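# Descriptive analysis of the structure
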Amino acid sequence: MKEVKLMKGNEVLAEAAIRCGADAYFGYPITPQSEVMETLMEKKPWETTGMVVLQAESELASINMVYGGACCGKKVLTSSSSPGISLMCEGLTYLAGSELPCVIINVSRGGPGLGTIQPSQGDYFQATKGGGHGDYRLIVLAPNSVQEMHDFVFDAFDLAFKYRNPVMVLSDGVIGQMMEKVVLAEQRPRWTEQEIIEKCGDWALTGKTPDRKHNIITSLELDPYAFEKFNQKLVEKYNKVRENEVRYEEFMCDDADYVIVAFGSSARIGMKTMEMAREEGIKVGLLRPITLFPFPEKPIAALAERVKGFLSVELNTGQMVEDIKLAVNGKTPVEFFGRAGGAVFSPEEVYDALKEKLIK
Amino acid sequence: MKEELIIAGFGGQGVLSTGKILAYSGIMQDYEVCWLPSYGPEMRGGTANVTVIISDKPISSPVIQKFDTAIILNQQSMDKFESQVKPGGVLIYDTNGITRHPERKDIKIYTIDATAEAARRGNARIFNTLILGGYLKVKPIVDLENVFMGLKKSLPERAWKSLPDNEAAIRAGMEIIKEK
């Protein structure tokens, strides 16, 4: 039987990075995710798996080190929190524009600006709609438990290499700081140079051999028509992601009159609201998007045909609610409840909002 | 079984580690557990608190506003959390440094003079395990043998020499807690 441990979300991110066979972590400390690098430094994976852990001089340096590692087909990641992710946004668009697989973890906090160090989901737009410039998408996974902080690092790398695209794990201060039970996976070996050539040799900088052409990693193209074609290729890739990778969970939606839509820590809080409402005989369900891009539009559209309304519950001033409205397309009311800047709502507050805005 | 608990006091009183021992104890008894600390600037010199949830079913919200039990270790925390105990719930506090005592009539109130007892035993470091013992007397949600295992699990190996003192303190805490 596997050992059950009690660990913080941030510590588990570090454990998962080592155990999934990552080649390198580059980062710069920031609350509320500093335990990620602290744990990595404590574990010293360079002595066991050979994984590099490096504290860069800034977030800009970290993300460009990620770019360098990813160019070579290595499994590389970084983590930060909101203001740090903003600093990395140039790197993110270059990574997406060069189609480089990598994992970026955001344990987000209150913004805008330097903001607060308390939990927030104010980076939903940044994660799902860009952050950097140009037509690109990150694949975005939103864990809502310490176990998922572990599992999604593995999933994120799988998706990153499957689509040659940066993948973001969008968490927040609640999930990063809390401790829960977790079962850690067995150590996976890092890819050998030969395995990297087999998996990534058609694009990665693995060293040119006489039997193949140069691999070139760049996001620059001087011919607009050629670059339009490249943009179109990205669109096709993102559409494939939309078709194949949507993940979500539904709870008690079968007979629900009202559905709460929430991700990450908000989904945990909303779940308790749902339990409270059910105890009073009000038929409330909950839909939790696990992938924020691709967004679970279809299940929400299907529910819109029969429920009396949706409540988007977010730790921000209203971001994901726009995607819900697009999916619902006017078929039923979509309301929003949120708190921002690092303030966190209680299940009771969400219940009051549900009654005030929808049940009436 | 479900226990929603807050432990609140000054940073340095062992608030977070008491919660961690309890959470590990819950795991030893095969319960679901969740431990959520306050991690804001209040940690530096002000108040520190931790929410611990122990349940035989999956835990939904780690963020809660109403508690089955509040363990209060300073005046600021008393002012903040007395009103957040559920009706019929439990409030445990150390009278040391408390100037305004709890006044609610719809909850059970217990006092534990852990600061004084730790001083009497000449070991300030057992303060939080005395408190933990008192709590377990009032709410015996985890078997003592699992608490001792949880205690060991939550400590690094270099601190295992303190296990006998802490186990004794848990037992002593059970003796010195008083209903108000």
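About the cut-offs
Residues numbered from 1 in each chain as written. Chains lettered and ligands numbered in written order. Predicted model: local features only at pLDDT ≥ 70, side-chain atom pairs only at ≥ 80, totals over all residues. Helix = DSSP H or I, 4+ residues; strand = E, 2+ residues; numbered from the N terminus. Rg over C-alpha atoms; globule rule 2.2 N^0.38 Å. Buried ≥ 20, exposed ≤ 12 C-beta atoms within 10 Å, placed from the backbone. Pairing = 2+ DSSP bridges. Axes fitted to C-alpha atoms, helices over the stretch in contact; angles between N-to-C directions. Contact = placed C-beta atoms within 7 Å. Expected span 1.5 Å × (residues − 1). Bend = angle between axes of the 7 residues up to and from the residue. Parallel < 35°, antiparallel > 145°, perpendicular 65-115°, else oblique. Left-handed = near helix turned anticlockwise from the far one by under 90°. Nonpolar A, V, L, I, M, F, W, Y, C, P; charged D, E, K, R; others polar. Right-handed = clockwise from strand over helix to strand, strands pointing away. Core = buried A, V, L, I, M, F, W, Y, C linked by C-beta atoms within 7 Å. Domains from an automatic or database assignment. pLDDT = per-residue confidence, 0-100.

Helices and strands together make up the secondary structure of chain A, namely 13 helices and 14 strands. A compact globule built from 360 residues would reach a C-alpha radius of gyration of about 21 Å, and chain A, at 21 Å, matches this within 12%. For chain A, the C-alpha atoms occupy an extent of roughly 70 × 50 × 40 Å along the three principal directions. The 360 residues of chain A split such that 53% are buried.

For the rest of this paragraph, the subject is the sheet that holds strand β13 (residues 309–314) of chain A. Residues and elements named next belong to chain A. On the basis of which strands lie adjacent, the open sheet formed by five strands has the order β9-β11-β10-β13-β14 and mixed pairing. One side of each edge strand has no neighbouring strand; the edge strands of this open sheet are β9 (248–251) and β14 (334–338). Recorded for the sheet is a direction-independent mean angle of 20° between the axes of neighbouring strands. Pairing of strand β10 (residues 258–261) with β13, which is carried by four bridges, proceeds in the parallel orientation. When the sheet's bridge partners are listed, Val259 is paired in β13 with Phe310. Where helix α10 (residues 264–279) meets the sheet, its contacts fall on β9, β10, β11 (284–289) and β13, and the angle it forms with β11 comes to roughly 165°. Where helix α12 (residues 320–328) meets the sheet, it contacts β10, β13 and β14, and its direction lies at approximately 160° from that of β13.

This part covers helix α6 (residues 146–163) of chain A. All names here are of chain A. With 18 residues, α6 extends 26 Å between its outermost C-alpha atoms, agreeing within 8% with the 26 Å of an ideal straight helix rising 1.5 Å per residue. Considering bend angle alone, the principal kink of α6 is centred on Phe152 and spans about 30°. Along α6, the positions that sit buried rather than exposed are Val146, Glu148, Met149, His150, Phe152, Val153, Asp155, Ala156, Phe157, Leu159 and Ala160. Arg164 occupies a position one or two residues after α6 and carries a positive phi of about 50°.

Let us look at the packing of helix α11 (residues 297–304) of chain A against α12(A). Residues and elements named next belong to chain A. Two elements in contact, α11 and α12, have axes whose closest approach is 8 Å; the angle formed by their N-to-C orientations is 60°. Comparing their axes, α12 and α11 come out oblique. Here α11 and α12 pass one another in a crossing that is right-handed. Contacts from Glu297, Ile300, Ala301 and Ala304 of α11 reach α12 at Ile324, Ala327 and Val328. Taken together, the residues that form the contact of α11 with α12 break down as six nonpolar, no polar and one charged.

Residue and element names in this part refer to chain B. Across five bridges, the pairing between strand β4 (residues 67–72) and strand β5 (residues 85–93) is parallel. Bridge assignment links Ile71 to a residue of β5, and that residue is Ile92. For the segment spanning β4, helix α2 (residues 75–81) and β5, crossover handedness is right-handed. Two elements, β5 and strand β6 (residues 108–111), share four bridges in a ladder whose sense is parallel.

With that out of the way, let us pick up the nonpolar core. Residues and elements named next belong to chain A. In this structure, Ala17, Cys102, Val103, Val140, Val153, Ala156 and Val259 are the most contacted members of the largest nonpolar core, which totals 161 residues. When residues of this core are assigned to their parent elements, the largest contribution, eight residues, is made by α6. Formed jointly, this core draws a minimum of three residues from each of two domains, domain 1 (3–193) and domain 2 (248–359).

A few words on the environment of A:Asp123. All names here are of chain A. Relative to the helices and strands, Asp123 resides in the loop between β5 (102–108) and α5 (124–129). Along the backbone, Asp123 and Asn106 are 17 residues apart, and their C-alpha atoms lie at a distance of 8.8 Å. If near-sequence neighbours (up to four positions away) are discounted, Asp123 is found in contact with Ser82, Ile85, Asn106, Ser108 and Leu170.

All names here are of chain A. According to the domain assignment, chain A consists of domain 1 (3–193) and domain 2 (248–359). Distance from the C-alpha centre of domain 1 to the C-alpha centre of domain 2: 27 Å. Looking at the side of domain 1 that touches domain 2, the elements with two or more residues in it are α5, β6 (139–141), β7 (166–172) and α7 (173–177). With four residues, α5 is the single largest residue contributor to the side of domain 1 that touches domain 2. Of the residues in the side of domain 1 that touches domain 2, the class split is 13 nonpolar, ten polar and three charged.

Residue and element names in this part refer to chain A. Helix α4 (residues 82–97) packs onto helix α3 (residues 59–71) with a crossing angle of 25° between their chain directions and a minimal axis gap of 8 Å. Considered as vectors, α3 and α4 are oriented roughly parallel to each other. Viewed along their axes, α3 and α4 form a crossing whose handedness is right-handed. Contacts from Glu59, Leu60, Ile63, Asn64, Val66, Tyr67 and Ala70 in α3 reach Gly84, Leu87, Met88, Gly91, Leu92, Tyr94 and Leu95 in α4. Residues that form the contact of α3 with α4 fall into these classes: ten nonpolar, three polar and one charged.

Glancing now at the confidence of the model for chain B. When pLDDT is averaged along chain B, the result is 94; 96% of the residues meet or exceed 70. Complex prediction metrics read pTM 0.96 and ipTM 0.93.

Counting residues at the interface gives 17 residues for chain B and 20 residues for chain A. Contributing elements (two or more residues each) for the side of chain B that touches chain A: α1 (15–28) and β2 (32–37) of chain B. Sort the elements by how many residues they give to the side of chain B that touches chain A and β2(B) lands first, with six residues.

Before going further, it helps to examine the sheet that holds β7(A). All names here are of chain A. Strand order in the open sheet made by the seven strands is β3-β2-β4-β5-β7-β6-β12, with mixed pairing throughout. Single-partner strands in this sheet number two, and they are β3 (52–55) and β12 (291–293). Ignoring which end each strand starts from, the neighbouring axes of this sheet average 20° apart. Examined bridge by bridge, β6 and β7 share three bridges and lie parallel to one another. Bridge pairing links Ile139 to Val167 in β7. Relative to β5, α4 is tilted by about 160°, and along the sheet it contacts β4 (76–80), β5 and β7. Docked against the sheet, α6 engages β5, β6 and β7, running at close to 160° with respect to β7.

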